[in-house]
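# Structural overview for review
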Amino acid sequence: MRKIMALILITGLMGTVWGADDLTSTGQGSITELEPIGAPYTQAGTIQFRCTTTNLGPRNNIPPSTCTLTITYGDEVVQTITYNVPNLRRYESYTYVWTTTNVNFPYDSFQTGGSYTITANWLYSGGSDSKSTIFQSIPTGWPAVIVAAIIFLTFIYLKKPGK
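I will try to describe carefully the structure that is included in this document. Just so you know, these numbers come straight off a predicted model, no measurement behind them. (Residues numbered from 1 in each chain as written. Predicted model: local features only at pLDDT ≥ 70, side-chain atom pairs only at ≥ 80, totals over all residues. Heavy atoms only, no water.)

## Quick look at the overall build of the chain
Per the secondary structure count, the chain includes two helices and nine strands. When the helices and strands of the chain are listed from N to C terminus, the series reads α-β-β-β-β-β-β-β-β-β-α. Within the chain, the fraction of its 163 residues that count as buried is 31%. A separation of at least 24 residues holds for 65% of the contacts in the chain among residues at least 6 apart in sequence. Counting every atom, the chain has about 10300 Å² of accessible surface; 62% of that belongs to carbon and sulfur. (Helix = DSSP H or I, 4+ residues; strand = E, 2+ residues; numbered from the N terminus. Buried < 20%, exposed > 50% of the residue type's maximum accessible area, 1.4 Å probe, protein only. Contact = heavy atoms within 4.5 Å. Areas by Shrake-Rupley, 256 points an atom, 1.4 Å probe, with all protein chains shown as cover.)

## Quick notes on the sheet that holds strand 7 (residues 93-101)
Strand order in this open sheet of three strands is 1-2-7, and the pairing throughout is antiparallel. Two strands bound the open sheet, and with one partner strand each, they are strand 1 (29-37) and strand 7. Here the strands of the sheet are splayed against their neighbours by 15° on average, with no regard to which way each runs. (Pairing = 2+ DSSP bridges. Axes fitted to C-alpha atoms, helices over the stretch in contact; angles between N-to-C directions.)

## Things to note about the pattern of salt bridges
One pass over the structure, following the stated rule, counts three salt bridges. Taking the shortest distance from any N to any O, the salt bridge between E33 and R50 comes out at 3.1 Å. One end of the pair, E33, is in strand 1; the other, R50, is in strand 2 (residues 46-55), and 17 residues separate them in sequence. Look at R50 and you get partly exposed, because its relative accessible area is 26%. Residues joined by salt bridges that share partners form a network here, namely E33, E35 and R50. (Salt bridge = Lys/Arg side-chain N within 4 Å of Asp/Glu carboxyl O.)

## As for the side chain of T70
Tracing the sequence through the fold places T70 in strand 4 (residues 65-73). Overall, the relative accessible area of 16% leaves T70 in the buried class. Within the structure, the side chain of T70 is placed 3.1 Å from the side chain of T80, a separation counted as a polar contact. Excluding residues within four positions of it along the chain, T70 makes contact with V77, Q79, T80, T117, I118 and T119. (Polar contact = N/O pair within 3.5 Å; in protein donor to acceptor, adjacent residues only side chain to side chain.)

## Topic: the packing of aromatic side chains
According to the stated counting rule, one finds ten aromatic pairs in the structure shown. Here F49 and W98 contribute two aromatic rings whose centre-to-centre distance is 5.8 Å and whose plane-to-plane angle is 40°, an arrangement assigned as tilted. Here W98 lies in strand 7 and F49 lies in strand 2, a separation of 49 residues in the sequence. The class for W98 is buried, based on a relative accessible area of 6%. Taking 3.8 Å as the distance between ring centres and 10° as the angle between the ring planes, the aromatic pair formed by Y83 and Y96 counts as stacked. With Y83 in strand 5 (residues 76-85) and Y96 in strand 7, this residue pair connects regions lying 13 residues apart in the sequence. (Phe/Tyr/Trp six-rings, centres within 6.5 Å; stacked < 30°, edge-to-face > 60°.)

Here it is in structure tokens:
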């Protein structure tokens, strides 16, 4: 019985030694969520994006770092922001909500708005992660107002007496 207990104790101790955290490891950070809140955006105004970064281990900590959110329209950069991600302990997450506006976005057409991509790039000590999501947005009401004005003026012109 002593031999079995000694074997269990030694095996347990070896497992503890070999299973200890490797603090020199590069860790594994992941962007676990990148979501346009409330998309598709059907009118000009405020839009929001939620980005969650998570320390999935094996490191105990990922030191403070930065994450950049970039909205693109094809190859054109529309808006960008860089924010700080605090120290993340193992399995801890940080969520950032970016509030911006779509008023000056480019667009595909007056009716459909445009297809945009938001990309998150997280750079941290020993690694990085990136994630992209596509969303739809109608950037501004001005094209619709201009079209409506042209239709209205055409209608008034055609309704003049003698036409």
